[in-house]
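Topology and contacts: notes
As a plain string of letters, each chain reads:
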Amino acid sequence: MWSDDGETVAVGGPRLRALLAMLLLNVGQTVSVRRLVEGLYGPQAPSGAAHSLQSQVSRLRRRLGAVGETKDLLEFGPAGYRLLVDPDDVDVHRFERLAGEGRHVLATGDHDGAARLLGEALGLWRGPALADVIDAPFAGEQAARLEELRVAVLEDLVEARLAHGEHRDLAAELPEIVVAHPLRERLRGQLMRALYGSGRKAEALQVFEDARRTMAEELGVDPSPELGDVHLAVLRAGPSPAEAGGGVPAQFTSFVGRDGDLERVRALLGERRLVTLTGPGGVGKTRLAVEAAGRERDEVRFVDLAPLTDGAAAPQVLINALGLREAGLVPALSGPLDPVERLIAGLADRRVLLVLDNCEHVVAEIAVLARRLLAACRDLRILVTSRERLGVTGETLHPVPPLPLDGGPEAPGHPAVRLFADRAAAVRPGFLIDEANADAVLRVCRALDGLPLAIELAAARMRSLTLQEIEARLDDRFRLLSRGDRSAAPRHRTLRSVVEWSWDLLSHPEQALAARLTVFSGGASLHAAARVCGPSEGEVVELLADLVDKSLVEAGGGRYRMLETVHEFCAERLAGDGGRERVRAAHAAYFLELARTAEPHLRGPDQLEWLARLDAERGNLHAALHWAAGADPTLGLRLLAALSWQGQVRGLPGERAAVAAGLLMTVGDEPPAGLEEEYALCLAHAAAADNAHDRRLRDQLERLADRRLRHPFLRVLRLMVNGPRHADGEISADPWSQAFTRLESGAKSLFDGERDAAERAFRAALEGFRGTGDRWGVLAALEQMAGLADETEFAALMAEAIDLAGRLGAVEDLTRLLVGKADGLADAGRLLAARAEYERAIEFARRAGTPETRADARRGLADVARLRGDLPAARELYDRALRGCDRASMGAARTRWRILTGLGRVAEAEQDTGQARLRYRQALAAARAYGDRTAVAASAEALAAMDVFDADGR
């Protein structure tokens with residue numbers, strides 16, 4: 001308590017403090033004598049407790065009198081006692097009021113206002129609730145309520161800060177809070193999002209696995225669907241925005257002058273499914289799209305199409321942006337899947353805003369793709385930026401004009417002047433618009449036609465030029481250029497003029513670096529820029545700093561990138577001086593070296609770190625491959641081979657299939673001398689999209705059967721394409737190869753029906769892969785062992801395998817493992833638990849775009865329905881599952897065998913012998929296609945049993 005003049009007023013001993021606390025918690029309300037007595041003394045209060053309460057009330061009245069109020073603050077009535085204090089003078093009530101207001105403001109999308117209110121609410125806490133009266137009988141329940149409310153407010157504040165982009169700060173703060181509240185799933189989900197947004201995807205996935213183990217150990221349950229959704233979003237999203245884009249890109253400067261446009265675009269996105277922002281280059285279409293998308297509550301995926309040279313490759317670029325992992329390299333396992341169908345499978349029933357940036361050079365292909373996706377995916381919305389419209393029915397256009405130039409610079413909120421002032425202050429701290437310079441700034445903005453990029457480039461020159469010098473140079477430049485090509489759009493001439501003006505002001509070393517940087521796709525690290533573009537890293541560091549200062553290059557997250565208009569201009573200069581091929585060759589050589597360095601690490605304990613490094617360079621690796629396919633096929637074969645393991649773990653065959661096919665056309669039907677292995681791996685990539693290469697791949701692998709291979713992934717290819725074989729006599733050159741030999745031997749024993757030998761081999765493989773630190777190998781061995789384990793060991797093996805799949809970001813593998821886990825639960829008779837896991841797998845498969853895995857999970861639901869006696873439901877689910885696995889692949893054949901077997905059992909249970917025999921015959925054919933002797937034997941046995949059934953007349 002404090003008096004009116006701010007002095008502390010002593011309350012008294014523990015019981016008096018407890019009495020005051022009870023009254024304050026119910027301030028303004030009458031609290032009965034009985035409730036006060038029980039709150040102070042407990043339900044079994046002593047006989048004199050009521051008299052003691054009167055004494056405590058009298059003492060409290062005297063203390064309250066010292067507060068300075070003229071009236072009696074403690075009122076007694078027939079129903080009990082009431083404390084007459086303004087609730088806002090009591091911390092706990094002020095806290096609850098601020099918490100409620102903050103939660104309401106947060107729901108409206110005002111994250112800054114919410115953070116202010118929620119932060120003020122939490123600032124009222126000075127330790128645990130009711131700490132000095134916690135032993136009083138009433139206090140425990142109240143303290144728990146207040147602590148629950150405090151943590152809920154903390155979670156709301158974290159939500160507001162996440163929306164504001166404070167991922168890195170929260171990634172540092174939240175782990176300690178999660179440790180204190182290990183069962184708060186919302187906090188764990190927020191920590192996952194903070195880590196992911198900070199470029200720490202692997203750690204974000206680990207948080208989920210820690211949560212899963214904690215929930216199982218403490219409560220015996222799985223994580224909630226909400227936390228599962230966060231996990232799925234992280235898995236599906238590929239590299240985080242801090243690593244490689246995909247979500248809304250981080251912006252390095254403030255958003256100025258487009259509030260009206262932003263409001264209009266957001267309103268259109270709320271009403272329309274296809275919105276296109278049109279306008280000339282440099283007008284600010286991308287920035288407006290990013291700001292609008294950043295305020296969306298739905299998932300947002302951002303795709304920059306500027307580097308795309310072939311519109312036919314657009315679906316594959318979208319697959320990458322959506323994080324849709326593909327199954328692997330070889331058609332024998334999964335078969336080619338049309339990229340658009342893959343997109344549709346991955347977007348169906350998924351609420352996504354897809355931002356397609358810089359579409360003007362592939363507008364025809366994007367129009368066709370957008371029409372097909374919108375027709376098939378009802379919850380999809382698309383926001384396009386382009387210099388021209390798509391021309392699709394249902395498209396809504398929002399032309400993005402230059403910043404308005406009407407009125408004087410002192411006009412309230414003059415956007416062009418505000419933008420110039422903002423960017424100028426970044427390079428000349430303290431720069432302000434005043435009476436002395438306002439007219440000059442406005443003249444500069446008018447000379448630049450109000451184009452935001454042009455204004456930013458001019459303002460960046462305030463670091464070395466005066467405003468008057470900038471104005472004079474712009475006047476000279478534009479008078480000179482006005483005699484040039486008048487057929488170009490005026491604003492296009494303006495933009496090119498200002499970029500050229502900025503170029504002319506660069507030193508020769510700065511020009512050389514700016515031109516060479518254009519060979520990079522998706523930005524460059526400092527080390528890469530130095531190795532590819534410069535004579536030394538020290539010199540490149542200084543030159544990059546100058547280019548950043550002059551707004552020709554943006555820096556963030558340890559990478560450097562160019563705006564597309566600047567990139568386009570500088571690329572012309574590189575092509576003009578004849579050095580482009582030399583720089584492209586240096587670029588490809590650098591990324592070949594990176595891929596070769598990374599390759600052995602991808603099978604070791606550092607594989608997550610190296611996978612992340614390659615993920616960040618995905619655009620550059622693809623650009624290097626594309627260039628090499630035409631200019632240096634030998635380098636292309638070597639680079640593709642070095643990336644094969646990453647392609648398997650990450651599931652990227654479609655992305656590289658076209659390049660591989662081009663390489664094969666250039667190289668011919670026979671491998672170059674010394675590149676036989678690289679040629680086989682190139683065939684594998686091409687076969688992932690075209691089964692015509694499958695036979696050539698098998699033949700090439702047979703030729704290499706007796707060789708000691710340089711590329712370990714060829715061992716995996718041989719197993720996947722030509723099937724397992726006993727290799728116990730092979731001499732393995734390294735621990736990883738030895739472990740893989742055990743895995744292959746186990747698979748061969750399993751196919752031959754030798755379960756004990758298979759189990760021994762798989763255990764040896766698991767031990768070997770653990771020794772190397774290869775999570776992929778450990779996962780493969782665990783999955784095989786789980787199929788042979790008893791119920792207790794099965795659960796532990798599958799849990800670890802699912803954990804590893806999550807860490808690797810292997811969504812398709814994770815989904816398949818969930819189906820395997822559910823199968824084990826069903827075999828053990830735990831049908832309700834199995835059904836929950838099948839449903840979870842269906843959701844993962846639906847969002848990840850894996851139709852065959854979804855079909856297998858639906859088959860599991862059908863099994864559960866059949867085992868529970870619901871034959872009509874089982875038949876319907878089997879039929880739906882069968883329609884989802886009609887591709888010619890081993891995976892689909894295996895699923896079909898299980899579905900057809902289930903349909904046969906349903907028919908048998910219904911005593912329809914003809915239908916049962918038909919289904920078992922179809923299952924036998926699928927088993928033979930799959931090549932599993934155990935499955936073949938099971939189907940043959942089922943058919944034989946039907947013959948006995950007929951012979952006995954039963």
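Let us look at the structure shown here. (Residues numbered from 1 in each chain as written. Predicted model: local features only at pLDDT ≥ 70, side-chain atom pairs only at ≥ 80, totals over all residues. Heavy atoms only, no water.)

Our next topic: the overall build of the chain. Secondary structure summary: the chain contains 45 helices and 10 strands in total. The proportion of buried residues among the 954 residues of the chain is 53%. Contacts spanning at least 24 positions in sequence make up 69% of the contacts within the chain whose residues lie at least 6 apart. Split by element, the accessible area of the chain, about 40,900 Å² in all, is 50% carbon and sulfur. (Helix = DSSP H or I, 4+ residues; strand = E, 2+ residues; numbered from the N terminus. Buried < 20%, exposed > 50% of the residue type's maximum accessible area, 1.4 Å probe, protein only. Contact = heavy atoms within 4.5 Å. Areas by Shrake-Rupley, 256 points an atom, 1.4 Å probe, with all protein chains shown as cover.)

So, about the sheet that holds strand β6 (residues 380–386). Taken in spatial order, the five strands make up an open sheet running β4-β5-β6-β3-β7, and their pairing is parallel. Two strands in the sheet have a free side with no partner beyond their single neighbour: β4 (299–304) and β7 (396–399). Sheet twist, expressed as the mean angle between neighbouring strand axes with direction ignored, is 15°. Bridge analysis of strand β5 (residues 352–357) against β6 gives five bridges, and the strand direction is parallel. (Pairing = 2+ DSSP bridges. Axes fitted to C-alpha atoms, helices over the stretch in contact; angles between N-to-C directions.)

Once that is clear, we can look at the side chain of Ser939. Here Ser939 is to be found in helix α45 (residues 933–951). With a relative accessible area of 3%, Ser939 lands in the buried category. The residues touching Ser939, leaving out its near neighbours within four places in the chain, are Trp897, Thr901, Tyr920, Ala923, Leu924 and Ala927.

The geometry of helix α26 (residues 580–601) relative to helix α28 (residues 618–631) is characterised by a closest axis approach of 9 Å and an angle of 120° between their N-to-C directions. Between α26 and α28, the interaxial angle falls into the category oblique. Handedness of the crossing formed by α26 with α28: left-handed. Where α26 abuts α28, its residues Glu581, Arg584, Ala585, His587, Ala588 and Phe591 lie against Asn620, Leu621, Ala623, Ala624, Trp627 and Ala631. For the contact of α26 with α28, the per-class residue count stands at eight nonpolar, two polar and two charged. (Parallel < 35°, antiparallel > 145°, perpendicular 65-115°, else oblique. Left-handed = near helix turned anticlockwise from the far one by under 90°. Nonpolar A, V, L, I, M, F, W, Y, C, P; charged D, E, K, R; others polar.)

What follows deals with helix α6 (residues 139–163). What sets the pattern is the α-helix's 3.6 residues per turn: residues three or four places apart point alike. For α6, spanning 25 residues, the distance from its first C-alpha to its last is 36 Å, which sits close to the expected 36 Å at 1.5 Å a residue. Remark: Gly165 follows α6 within two positions and exhibits a positive phi of approximately 90°. (Expected span 1.5 Å × (residues − 1).)

Moving on, we come to the pairing of β5. Taken across its six residues, β5 has six buried, putting it largely inside the fold. Burial along β5 is two-sided: the face carrying Val352, Leu354 and Leu356 and the face carrying Leu353, Val355 and Asp357 are both buried. Bridge count between β4 and β5: six bridges; the pairing is parallel. Paired with Glu299 across the two strands is Val352, which belongs to β5. Crossover β5 to β6 through helix α16 (residues 363–376) is right-handed. (Right-handed = clockwise from strand over helix to strand, strands pointing away.)

Glancing now at the packing of aromatic side chains. Under the criterion given, the structure shown has 11 aromatic pairs. Between Trp503 and Phe569, the ring centres sit 6.0 Å apart and the planes meet at 65°, which makes this aromatic pair edge-to-face. Placement of the pair is Trp503 in helix α21 (residues 490–504) and Phe569 in helix α25 (residues 564–576), with a sequence separation of 66 residues. Here Trp503 matches Phe569 in class, with each residue buried. Three or more aromatic residues link up through ring pairs in this structure, and these residues are Trp645, Phe713, Trp736, Phe740, Phe769 and Trp776. (Phe/Tyr/Trp six-rings, centres within 6.5 Å; stacked < 30°, edge-to-face > 60°.)

Applying the stated criterion to the full structure yields 53 salt bridges. Residue Arg103 is joined to Asp156 by a salt bridge in which the shortest nitrogen-to-oxygen separation is 3.0 Å. Here Asp156 lies in helix α6 and Arg103 lies in helix α4 (residues 91–107), a separation of 53 residues in the sequence. Linking Arg213 and Asp210 is a salt bridge whose minimum nitrogen-to-oxygen distance equals 2.7 Å. Highlighted residues: Arg213 and Asp210, both in helix α9 (residues 201–219), separated by three residues, approximately one helical turn. (Salt bridge = Lys/Arg side-chain N within 4 Å of Asp/Glu carboxyl O.)

Looking now at the environment of Ala211. Within the secondary structure, Ala211 sits in helix α9. When the C-alpha positions of Ala211 and Glu185 are compared, they lie 7.7 Å apart, and in sequence the two are 26 residues distant. Excluding its chain neighbours within four sequence positions, the residues that come into contact with Ala211 are Arg188 and Leu227.

Okay, the side chain of Thr772 next. Tracing the sequence through the fold places Thr772 in helix α36 (residues 755–772). Given the relative accessible area of 15%, Thr772 is considered buried. A polar side-chain atom of Thr772 sits 2.9 Å from the main-chain carbonyl oxygen of Phe769. Residue contacts for Thr772: discarding those within four places in its chain leaves Arg603, Gly604, Pro605, Pro735 and Trp736. (Polar contact = N/O pair within 3.5 Å; in protein donor to acceptor, adjacent residues only side chain to side chain.)

A few words now on the sheet that holds strand β10 (residues 559–561). A sheet is described by the order of its strands in space; here three strands give the open sequence β8-β10-β9, paired in antiparallel fashion. With partners counted over all chains shown, the strands left at the sheet margins are β8 (524–525) and β9 (554–556), one partner each. Two elements, β8 and β10, share two bridges in a ladder whose sense is antiparallel. Bridge pairing links Ser525 to Arg559 in β10.

Moving on: the nonpolar core. For soluble globular proteins, the rule of thumb is that nonpolar side chains tend to be buried together. The biggest cluster of nonpolar side chains holds 186 residues, and the ones touching the most others in it are Leu383, Phe420, Leu517, Phe520 and Phe769. The contact partners of Leu517, leaving out residues within four places of it in the chain, are Ala529, Cys533, Leu544, Leu547, Val553 and Met562. Counting 71 residues, the second largest nonpolar core, distinct from the first, contains Ala18, Leu53, Leu106 and Leu130. (Core = buried A, V, L, I, M, F, W, Y, C linked by side-chain atoms within 4.5 Å.)

Let's shift gears to the packing of helix α17 (residues 415–427) against helix α18 (residues 438–447). Interaxial distance between α17 and α18 falls to 9 Å at its minimum, and their mutual angle equals 105°. In terms of orientation, α17 lies roughly perpendicular with respect to α18. Residues Ala416, Val417 and Phe420 of α17 touch α18, and the partners they reach there are Val441, Leu442, Val444 and Cys445. Across the contact of α17 with α18, the residue classes tally to seven nonpolar, no polar and no charged.

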